[in-house]
Amino acid sequence: MTAAVGQSGNATAVAVNVGVILDLNRRTDVAQVGLSCVEMAVSEFYDAHPNYTTRIVIATRDSGGDVVQAAASALDLINNVQVQAILGPETSMQANFLIPLGEKAQIPVISFSASSPTLASIRSPYFFRATQKDSTQVNAIAAIVKAFSWRQVVPIYVDNAYGEGIVPSLVDSLDAVDARVPYRSAISASATDDQIGQELYKLMTMQTRVFVVHMAPNLGARLFAKAKEVEMMSPGYVWIVTDGITGFLNSIDSSVLESMQGVLGVKPHVPRTKEVLEFRSRWKRKFQRDHLNSYGLWAYDATVALATAIEKAGQATNFTFLNNSSSSNAGNVTNSTDLDRIRASSSGPNLALELSRAKFAGLSGEFAMEPDGQLKGSAYEVVNVNGNGGRVVGYWTRGGGLARELANESTAGRSASRESLMRTVIWPGDAAAVPKGFQMPTSGKKLRIGVPVKDGFSEFVSVTTDPETNKTSVTGYCIDIFEAVVQTLPYALPFEYVPFANATGDSAGTYNDLVYQVFLGNFDAVVGDTTVIANRSNYVDFTLPYTESGVSMVVPVRPDGSKNAWLISKDFRGPPSHQAGTSLWFSFSTMVFAHRENVVSNLARTVVIIWCFVVLILTQSYTASFTSLLTVQRLQPTVTDINELLRKGEFVGYQDGSFVVGLLKRIGFRDDRLVPYDNSDHCDTLFGQGRIAAAFDEIPYIKLFLAKHCSKYMMTDPSYKTDGFGFVFPKGSVLVPDISRAVLNVTEGDKMTKIEEAWFGKNSRCPESSTSVSPGGQLGLNSFWSLFLIAGVAAVSALIIFAATFVYQHRQILLQQQKPSFWRRIMRLLRTFDKKDLKCHTFRDDNRVGNNEVNLVSLNVMSPSAYSVQTEFPVDSSTAAAATPPPIDSSTELHYNDNVEAQGVEISIDLHQNFSGAGQIDDGYDNDEITRH
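Please read all numbers here as calculations on a predicted model, not as lab measurements.

A. View of the overall build of the chain. Scanning the chain from N- to C-terminus turns up 32 helices and 35 strands. Put simply, the chain has 933 residues, and 46% of those count as buried. Considering only contacts in the chain between residues 6 or more positions apart, those separated by 24 or more positions represent 70%. Accessible area of the chain: about 47000 Å², with a carbon and sulfur share of 52%.

Below is the structure:
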């Protein structure tokens, strides 16, 4: 119903009824502060806008803290008062009932205190949340957990819709920062102090010491009073409270604050603007109260937004209700209910639209609605309870994360230390040191450490039972490593070993079964020779490994050749063609230094020098290789290729209960070809009986096996990568980081060496042969291909250079244009090449005339020209005597061009005469040929 009301400046303003539903009788802080701020907002808004044509008229109803009464109040306001909007309700449970009613009547429901994230799932266009939803503050809580590297958090919440609504968002946010929720503690709103104490005692027996409390202030006060009583507010504990408690710290009794010292809390940040400070002063003067909280500011802003929307909507519509067909016939229907009487507001759609568009700078900060009707998120303050109130130690923003000041939000949380993210925090018990977040409970049970039970490889883990005392003893390499690790931890870790055995004392399953017991919660950890593999990490967490990793193959070995008097290098073995070629090669390679021939050319000397180096290297290398063949026994594996095992269908062995059997099946081995063995002696027996051709196992086991049987077996490729042995803990265990760091300290120190020597001995490696096959151990001709290539290139290059030089020096022989054919000129060039080069300084000797000068007369050799002519055409002896030539130097080329016309034939002779030391003449022609011409 609307009416004209008097108002200063506008006597005809339209009155618009607005309902307010709060828990007035219980006089909660939200109700008292909220209603006062709503009334002040209405008064101050219209004082600031005297000319507005609409005016809100408040109609209050008490919900009594009950959802049914809250719904009844809403029906009364809608049907009887005909309100156009409802401010409230106070709690999320009440809002769940009111939202459908508002949607049916098409009137906005604006809550400034219902913060449960589940309300957003209703998706009503008539519901508006003028407060921050709880799913926003959980991100700030997760940022605090991440900053202090806590790995486990236990939420403690009130067991109702308000408490349960935050849990899914909290768990998701913690999971995003690698923090785990191992337990959830739900406390009834009506729980007694004894019931609260019982729940706290249960929490004390757990490892986790980080708690997030989400409940109303009155229940939270009782919780912290009881926690202080049971000494859970002592050093080592961490308590974080949501804004459901943090927002009311200034109104909590001092005795309650005394029990909350050291608590961290988060609450929405309210800027300390001039408007806020002035409003606090006005509110304090009017209501004579001193504890204005953020819910009052949201109530003020929500009222201002509603008044503005009503003014804008009133310009386009009348604030009336449409007729309902069911209500028009209500007089004829005796069983009609209040729900049947609900009519739809004609102005509701426009009013909801204007509210969704609301945007202004309010007292609580920027007031703007998201498309889904949720208030846009704001920054959060991180508060540390200390003294008589809370002290701000940091801020959180959606874009910047944690920061000491809001001015640094652009760089906050990015590669910064927690000291730069937050100010100094005083923790419970006035502790300055940051709590670790967990502690091994002294009053709780010991850690149940599962250990494998096995027959073989007892050096790693051995479980024995004393028949007289029935006491179980667990020893071994892995056990000593774990105990050494525990000793380096900065805190006590009580534990007990529990063998993974059945009623008869035998193993209760495979290693996968043992690891799965941790996932099921039957064991708190597993210590033993447990390998870190991928599929196991889906269920548990592993520490860093403390042994070598990998799976490899072990095969028997056989001697490589025999020592006897007829030992021959393998290079001379093979087909006949290969043996013949190798023999010729070795024979030819010795010619370089066998014949002691004179080398007169520099090119030839270069080639010989290179060949000398080749022969030297070959000689030394083969001498060393041959010596090793005679003095060192070479062992070769019987199998070097896993494909050969698959192709031949050989039997292979594996350690019983190991994950290796799954690996072999994936490789391609059939089940009927896999033979399990219990220990190293059993494996040796299987090899000796010929039942297996190879065995596959992890490298630590293989090394132990080879240490016992070093002369009979060898480790060969292939190797399959694994991460070695590690300790097993539940997923997200807080112990894993500390245990992993302790593993590094032990493995890098002398303690590890001492433990290895104690269980495997100092000489754990095989002294007689290598435990692995190194390829390329044979020395052959192909080992020196680079030397042969260099020598060959040098020889060919020298030959090409010499041939080119010789042809160039005697090019006139090839360039003759006269009758001799090209083939004869080639032959002449070759004969010239076959003679000694008298120009070379090697053949020069000034004291040896016969080698330097040749006198044709003294040698009684006739001139070739005269000889030829006289033979064909006889002349007078006097003429011949007169033609006796003078002495000719050996380096002189004689050119005779005698043209004789005889019987119509022209004879041309061009003689290039070179004289050897013996005085012979080389004219380049056969004498018979000259005689014919």
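That shown, we press on.
B. Fine view of the layout of surface pockets. In this structure, the second largest pocket occupies an estimated 750 Å³ of space. If you trace the second largest pocket, you find 30 residues lining it, with Arg-26, Glu-90, Thr-91, Ala-216 and Pro-217 closest to the centre. Looking at the lining of the second largest pocket, the elements that each hand over two or more residues are helix 1 (29–48), helix 3 (92–105) and helix 7 (217–229). With 4 residues, helix 7 is the single largest residue contributor to the lining of the second largest pocket. When its residues are assigned to classes, the lining of the second largest pocket shows 15 nonpolar, 10 polar and 5 charged.

C. Just the pairing of strand 13 (residues 365–368), in detail. Of the pairings in the sheet, the one linking strand 12 (residues 359–362) to strand 13 comprises 4 bridges and is antiparallel in character. Pairing of Ala-361 across the sheet is with Glu-366, part of strand 13. The antiparallel hairpin formed by strand 12 and strand 13 contains 2 residues in its connecting segment.

D. Structural context of the pattern of salt bridges. Within the structure shown, the criterion is met by 18 salt bridges. Between Lys-703 and Glu-548 there is a salt bridge, with its nearest N and O atoms 2.5 Å apart. Separated by 155 residues along the polypeptide, Lys-703 in helix 23 (residues 699–708) and Glu-548 in the loop between strand 22 (540–542) and strand 23 (551–559) bring together distant segments of the chain. Residue Glu-548 is classed as partly exposed on the basis of its relative accessible area, which comes to 46%.

E. Molecular detail of the packing of aromatic side chains. Summed over all chains, the structure comprises 33 aromatic pairs. Between the aromatic rings of Phe-519 and Tyr-539, the centroid separation amounts to 5.3 Å while the plane-to-plane angle is 75°, which identifies the pairing as edge-to-face. Here Phe-519 is found in helix 16 (residues 511–520), whereas its partner Tyr-539 is found in the loop between strand 21 (525–526) and strand 22, with 20 residues between them in sequence. The exposure class assigned to Tyr-539 is partly exposed, which follows from its relative accessible area of 39%. Measuring from centroid to centroid gives 4.7 Å for Tyr-546 and Phe-727, while their planes differ by 25°, and the two rings are stacked. In this pair, Tyr-546 is assigned in the loop between strand 22 and strand 23 and Phe-727 in the loop between strand 28 (713–720) and strand 29 (728–730), connecting sequence segments 181 residues apart. Comparing Tyr-546 with Phe-727, the two get one shared label, buried. Through a chain of ring-to-ring contacts, three or more aromatic side chains come together here, namely Phe-457, Phe-460, Tyr-477, Phe-482, Phe-495, Tyr-497, Tyr-546, Tyr-701, Phe-725, Phe-727 and Phe-760.

F. How the structure looks around the side chain of Ser-92. With respect to the element layout, Ser-92 can be found in helix 3. At a separation of 3.3 Å, a polar atom in the side chain of Ser-92 contacts the main-chain amide nitrogen of Ser-115. Once residues lying within four places of it in the same chain are set aside, the contact partners of Ser-92 are Ala-114, Ser-115, Ser-116 and Leu-119.

G. Seen up close, the side chain of Asp-243. The topology assignment puts Asp-243 in helix 8 (residues 243–246). At 10 Å, Arg-129 is the nearest oppositely charged side chain to Asp-243, a buried residue that forms no salt bridge. Once residues within four sequence positions are removed from consideration, Asp-243 is found in contact with Asp-134, Gln-137, Val-266, Lys-267, Pro-268 and Tyr-295.

H. Highlighting helix 11 (residues 294–314). The end-to-end C-alpha separation of helix 11 is 30 Å, in line with the 30 Å expected for 21 residues at 1.5 Å each. By the criterion of burial, helix 11 is predominantly enclosed, with 18 of the 21 residues buried. For helix 11, the capping residue at the N-terminal end is Asn-293, with a side-chain oxygen 3.1 Å from the backbone nitrogen of Tyr-295.

I. Expanded view of the packing of helix 1 against helix 11. Relative to each other, helix 1 and helix 11 sit at 40°, their axes nearing to 8 Å. Crossing of helix 1 against helix 11: the hand is right-handed. Along its contact with helix 1, which presents Val-30, Val-33, Gly-34, Cys-37, Val-38, Met-40, Ala-41, Val-42, Glu-44, Phe-45 and Tyr-46, the element helix 11 presents Tyr-295, Gly-296, Ala-299, Tyr-300, Thr-303, Val-304, Ala-307 and Thr-308. Of the residues that constitute the contact of helix 1 with helix 11, the class distribution is 14 nonpolar, 4 polar and 1 charged.

J. Structural view of the nonpolar core. Core analysis: the largest hydrophobic core is formed by 51 residues, its most contacted members being Phe-279 and Leu-306. When residues of this core are traced back to their parent elements, those giving at least two are strand 2 (13–22), helix 1, strand 4 (85–87), helix 10 (274–287), helix 11 and helix 13 (348–356). Per-element tally for this core: the top contributor is helix 11, with 13 residues. Aside from chain neighbours lying at most four places away, what touches Leu-306 is Val-18, Ile-56, Ala-85, Leu-87, Ile-110, Leu-351 and Leu-355. By size, the runner-up hydrophobic cluster in this structure holds 50 residues, among which are Val-554, Cys-683, Phe-705 and Met-715.

Criteria and thresholds
- Residues numbered from 1 in each chain as written.
- Predicted model: local features only at pLDDT ≥ 70, side-chain atom pairs only at ≥ 80, totals over all residues.
- Heavy atoms only, no water.
- Helix = DSSP H or I, 4+ residues; strand = E, 2+ residues; numbered from the N terminus.
- Buried < 20%, exposed > 50% of the residue type's maximum accessible area, 1.4 Å probe, protein only.
- Contact = heavy atoms within 4.5 Å.
- Areas by Shrake-Rupley, 256 points an atom, 1.4 Å probe, with all protein chains shown as cover.
- 1 Å grid on protein atoms, 1.4 Å probe; cavity = no way out; pocket = protein on both sides within 12 Å on 5 of 7 lines; lining within 4 Å.
- Points joined across faces, edges and corners; volume = space filled by probe spheres on them.
- Nonpolar A, V, L, I, M, F, W, Y, C, P; charged D, E, K, R; others polar.
- Pairing = 2+ DSSP bridges.
- Salt bridge = Lys/Arg side-chain N within 4 Å of Asp/Glu carboxyl O.
- Phe/Tyr/Trp six-rings, centres within 6.5 Å; stacked < 30°, edge-to-face > 60°.
- Polar contact = N/O pair within 3.5 Å; in protein donor to acceptor, adjacent residues only side chain to side chain.
- Lys, Arg positive; Asp, Glu negative; His and termini not counted.
- Expected span 1.5 Å × (residues − 1).
- Axes fitted to C-alpha atoms, helices over the stretch in contact; angles between N-to-C directions.
- Left-handed = near helix turned anticlockwise from the far one by under 90°.
- Core = buried A, V, L, I, M, F, W, Y, C linked by side-chain atoms within 4.5 Å.

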